[in-house]
Amino acid sequence: MELGLEKRRALVTGASRGLGRAIASVLAAEGADVIAVARNIERLNDVAAAAPAGRGSILARACDLADAAAIEGLAGLLRGVDILVLNTGGPPPGPAADTSDAVWIKQFESMFLSAVRLTRLALPGMRERGFGRILAIVSSGVVQPIPNLGISNALRSALVGWAKTLAGEVAGDGVTVNCIAPGRIATDRVAELDQGRAVREGIDIGQVQKESRAAIPAGRYGDAAEFASVAAFLASPCASYVTGGVIRVDGGMIRSI
Ligand code: NAD
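The notes below deal with the structure included here. (Residues numbered from 1 in each chain as written. Predicted model: local features only at pLDDT ≥ 70, side-chain atom pairs only at ≥ 80, totals over all residues. Heavy atoms only, no water.)

1. With respect to the environment of Ala36
Position of Ala36 among the secondary structure elements: in strand β2 (residues 33-38). With relative accessibility at 0%, the residue Ala36 sits in the buried group. Residues Ala36 and Leu11 lie 25 residues apart in sequence; the distance between their C-alpha atoms is 6.1 Å. Discounting chain neighbours no more than four positions away, the residues touching Ala36 are Val12, Ala15, Leu44, Ile58, Leu59, Ala60 and Arg61. (Helix = DSSP H or I, 4+ residues; strand = E, 2+ residues; numbered from the N terminus. Buried < 20%, exposed > 50% of the residue type's maximum accessible area, 1.4 Å probe, protein only. Contact = heavy atoms within 4.5 Å.)

So this is what it looks like as structure tokens:
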């Protein structure tokens, strides 16, 4: 299938590593002109330099998603964007009961409000042009909350509620809004979480990974490229009648239907 992403303009946040990086790379390989956003410009330049040879391009742009003024600084770029991928850093692990107000507020700003702010700046152009794709990267925890990830479970569920509401508001303008829920995709963050659990429980990281794999019907962690190809489809004109959904990319890990 030809995705039809040539010359589409995309902005992907959290693009210096992991899922965001993989999405930026596949969109560029499919012909899109991608603005890759994260805090560290050197790492983003590496992403741009390592972009697979394809028809599109990657431009690095530094921005801290926790900083409203820095997001406002992207306004000019966002006006021309057809595809907006809302991907943030994950919050620190921890129980729902013992998280301070300061941590809640900080994470709300970078994980939730950043998405609202970026979208507000991108939507007018999308509506004018009659085409837009907004993708929010959430987590399997929005369907099946993950123990010890209280902030993630709560704030990503809020994002799903916001995205679903928005999808209804903009569907008539040719703009789709979807969430993608990763299960366990092998990235640095997942390796850090596995390491954290190994230390917390005093067990070997190999044991942690073995238990994780056993909970996934596919029997393995996903690959970032497998995740990114779903995002590329949803970002494309081919997915014009898919909106308001939470699409799982989890090897069957979430047990509910
Ligand atoms: P990651 O930590 O490897 O990458 C996060 C990216 O966001 C990095 O590029 C980082 O530099 C950037 N970032 C962090 N804070 C930022 C800020 N304030 N401003 C700008 N950029 C910032 O994570 P990942 O594994 O690629 O996952 C992406 C998101 O999906 C995370 O929120 C993660 O918690 C979530 N998630 C991932 C999985 C998985 O299986 N990998 C599962 C569930 C949820």
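2. Remarks on the pattern of salt bridges
Evaluation of the coordinates by the stated rule reveals 13 salt bridges. As a salt-bridge pair, Arg9 and Asp82 come within 3.9 Å of each other at their nearest N and O atoms. Of the two residues, Arg9 is situated in strand β1 (residues 9-13) and Asp82 in the loop between α4 (75-79) and β4 (83-86); the sequence distance between them amounts to 73 residues. When its relative accessible area of 38% is taken as the criterion, Arg9 is described as partly exposed. Glu30 is the salt-bridge partner of Arg55, the closest N and O atoms lying 3.8 Å from each other. Of the two residues, Arg55 is situated in the loop between α2 (41-49) and β3 (57-62) and Glu30 in the loop between α1 (18-29) and β2; the sequence distance between them amounts to 25 residues. (Salt bridge = Lys/Arg side-chain N within 4 Å of Asp/Glu carboxyl O.)

3. Looking at the side chain of Ser139
Note that Ser139 resides in the loop between β5 (132-137) and α6 (150-170). In this structure Ser139 comes out as buried when scored by relative accessible area, which is 9%. Separated by 3.0 Å, the side chain of Ser139 and the backbone nitrogen of Gly141 make a polar contact. Among residues more than four places away in sequence, those in contact with Ser139 are Ile146, Ser152, Arg156, Ile180, Ala181 and Pro182. (Polar contact = N/O pair within 3.5 Å; in protein donor to acceptor, adjacent residues only side chain to side chain.)

4. Describing the sheet that holds β4
In space, the seven strands of this open sheet follow the order β3-β2-β1-β4-β5-β6-β7, with parallel pairing throughout. The open sheet has two free edges, formed respectively by β3 and β7 (246-249), since each of these has just one partner strand. Ignoring strand direction, the axes of neighbouring strands in this sheet form an average angle of 20°. With respect to the sheet, helix α5 (residues 101-129) is in contact with β1, β4, β5 and β6 (175-182), its orientation differing from that of β4 by roughly 165°. Sitting on the sheet, helix α9 (residues 224-235) is in contact with β4, β5, β6 and β7, with an inclination near 165° to β6. (Pairing = 2+ DSSP bridges. Axes fitted to C-alpha atoms, helices over the stretch in contact; angles between N-to-C directions.)

5. A short note on the site of the ligand
The local shell around the ligand holds 27 residues, among which Ser16, Thr88, Arg156, Ile185 and Thr187 are the closest. In this structure, an oxygen atom belonging to the ligand sits 2.7 Å away from a side-chain N or O atom of Arg156. Side-chain polar atom of Thr187 to an oxygen atom of the ligand: 2.5 Å apart, as the coordinates give it. Contact with the protein chains hides 92% of the accessible area of the ligand, taken as 820 Å² for the molecule alone. Those elements that provide at least two residues to the shell around the ligand are α1 and α7 (188-201). (Near = heavy atom within 4 Å. Areas by Shrake-Rupley, 256 points an atom, 1.4 Å probe, with all protein chains shown as cover.)

6. Some points on empty space enclosed by the protein
As enumerated under the stated definition, the model contains one cavity of 30 Å³ or more in all. Its boundaries defined by the atoms lining it, the largest cavity holds a volume of some 30 Å³. Taken together, Thr13, Leu86, Asn87, Thr88, Met111, Ser114, Ala115, Leu118 and Leu159 make up the full set of residues lining the largest cavity. With four residues, α5 is the largest single contributor of residues to the lining of the largest cavity. A class-by-class count of the residues in the lining of the largest cavity yields five nonpolar, four polar and no charged. (1 Å grid on protein atoms, 1.4 Å probe; cavity = no way out; pocket = protein on both sides within 12 Å on 5 of 7 lines; lining within 4 Å. Points joined across faces, edges and corners; volume = space filled by probe spheres on them. Nonpolar A, V, L, I, M, F, W, Y, C, P; charged D, E, K, R; others polar.)

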